[in-house]
Amino acid sequence: METAQSQERAAPGALTAFARFVLCGGGMGVASSFAVTALASWIPWILANALITVVSTLLATELHARFTFGAGGRATWRQHVQSAGSATASYALTCGAMLVLHQLVAAPGAVLDQVVYLAASALAGVARFAVLRLVVFARNRSQATVRAAHPVHATVVRASAPAGLAELCRAA
């Protein structure tokens, strides 16, 4: 029989969570970078970045809930909304970086666009990791930590019942 403690999924440590965040979020960021560049050839860059940011945020939040932060299941609507807030800040940072690039360099090539975009995304990613770990998925982690630190042990005590009415009367 499994105990409640073994059924609980332990939250990963900070280093493990960061490595998973880099794998999931970084992979999503690289894929998003190429998707934004491709989509920006058809629509304005700022709109392409907005669309890709929405899609990648939804996917990344699910990955982070299930894998990165050990929540053990799908992300809740509350977690999606909070994650969207940090993604909005990331979107503003990447747009700002690209705006500055295009103000400083008249015609930056695709490689320079990628370098600036990925650098801004990496900076935003580190801040996002802190927000997701300390705010968005913190409740799940703290509950698991509390449960693991204070496991509940149930003990069932069976008293043997008196054999008959005569013994019951004698006991009284």
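Everything numeric here is computed off the predicted structure, so don't read it as measured data.

Reading guide: rules and limits
Residues numbered from 1 in each chain as written. Predicted model: local features only at pLDDT ≥ 70, side-chain atom pairs only at ≥ 80, totals over all residues. Heavy atoms only, no water. Patch = residues over 30% accessible without salt bridge, like charges linked within 9 Å, V, L, I, M, F, W, Y side chains within 5 Å. Areas by Shrake-Rupley, 256 points an atom, 1.4 Å probe, with all protein chains shown as cover. Salt bridge = Lys/Arg side-chain N within 4 Å of Asp/Glu carboxyl O. Helix = DSSP H or I, 4+ residues; strand = E, 2+ residues; numbered from the N terminus. Buried < 20%, exposed > 50% of the residue type's maximum accessible area, 1.4 Å probe, protein only. pLDDT = per-residue confidence, 0-100. Contact = heavy atoms within 4.5 Å. Expected span 1.5 Å × (residues − 1). Core = buried A, V, L, I, M, F, W, Y, C linked by side-chain atoms within 4.5 Å. Axes fitted to C-alpha atoms, helices over the stretch in contact; angles between N-to-C directions. Left-handed = near helix turned anticlockwise from the far one by under 90°. Nonpolar A, V, L, I, M, F, W, Y, C, P; charged D, E, K, R; others polar.

**Regarding a nonpolar patch on the surface**
Together, Val54, Val55, Leu58 and Leu59 make up an exposed nonpolar region whose accessible area comes to about 360 Å². Along the polypeptide, valine 54 turns up in helix H3 (residues 45–68). Using a relative accessible area of 52% as the deciding quantity, one classes valine 54 as exposed.

**What to know about the confidence of the model for the protein chain**
The pLDDT averaged across the protein chain works out to 76; a share of 73% of its residues lies at or above 70. Within the protein chain, no element has a lower average pLDDT than helix H1 (residues 4–7), which sits at 38, and none a higher one than helix H4 (residues 77–104), at 89. In the model, residues 1–8 has pLDDT below 50 throughout and makes 5 contacts with residues more than four positions away in sequence or in other chains. Segment residues 140–172: pLDDT under 50, and 11 contacts once partners within four positions in sequence are set aside and those in other chains are kept.

**Let's talk about the pattern of salt bridges**
Scanning the entire structure with this criterion turns up 2 salt bridges. Here arginine 66 ties to glutamate 62 by a salt bridge, and the two come within 3.3 Å at their closest N and O atoms. Here glutamate 62 and arginine 66 lie together in helix H3, a separation of 4 residues that amounts to about one turn. For arginine 66, a relative accessible area of 41% puts it in the partly exposed group. With a relative accessible area of 14%, glutamate 62 lands in the buried category. Residue glutamate 62 is joined to arginine 74 by a salt bridge in which the shortest nitrogen-to-oxygen separation is 3.7 Å. Here the residue glutamate 62 occupies a position in helix H3, and arginine 74 occupies one in the loop between H3 and H4, the gap between them amounting to 12 residues.

**Re helix H2 (residues 14–39)**
An α-helical segment advances 3.6 residues per turn. Residues three or four places apart therefore align on the same side. An ideal rise of 1.5 Å per residue puts 38 Å on 26 residues; H2 measures up with 35 Å between its terminal C-alpha atoms. Those residues of H2 that fall on the buried side of the exposure criterion are Ala17, Phe21, Cys24, Met28, Ser32, Ser33 and Val36. If you follow the buried residues of H2, they end up packed against H3 and helix H5 (110–136).

**Details of the nonpolar core**
With 9 residues, the main nonpolar core is built from Ala17, Phe21, Ala65, Phe69, Ala75, Phe129, Leu132, Val136 and Phe137. When contributions to this core are tallied by element, the ones reaching two or more residues are H2 and H5. With 3 residues, H5 is the single largest residue contributor to this core. In this structure phenylalanine 21 touches Gly26, His64, Thr68, Phe69, Gly125, Arg128, Phe129 and Leu132, once residues within four positions along its chain are discounted.

**Comments concerning the packing of H2 against H5**
Closest axis-to-axis distance for the H2/H5 pair is 10 Å, and the angle between their directions is 145°. Both H2 and H5 take part in a crossing whose hand is right-handed. On H5, the residues that touch Ala14, Ala17, Phe18, Phe21, Gly29, Val30, Ser32, Ser33, Phe34, Val36 and Thr37 of H2 are Gln114, Tyr117, Leu118, Gly125, Arg128, Phe129, Leu132 and Arg133. Of the residues that constitute the contact of H2 with H5, the class distribution is 11 nonpolar, 6 polar and 2 charged.

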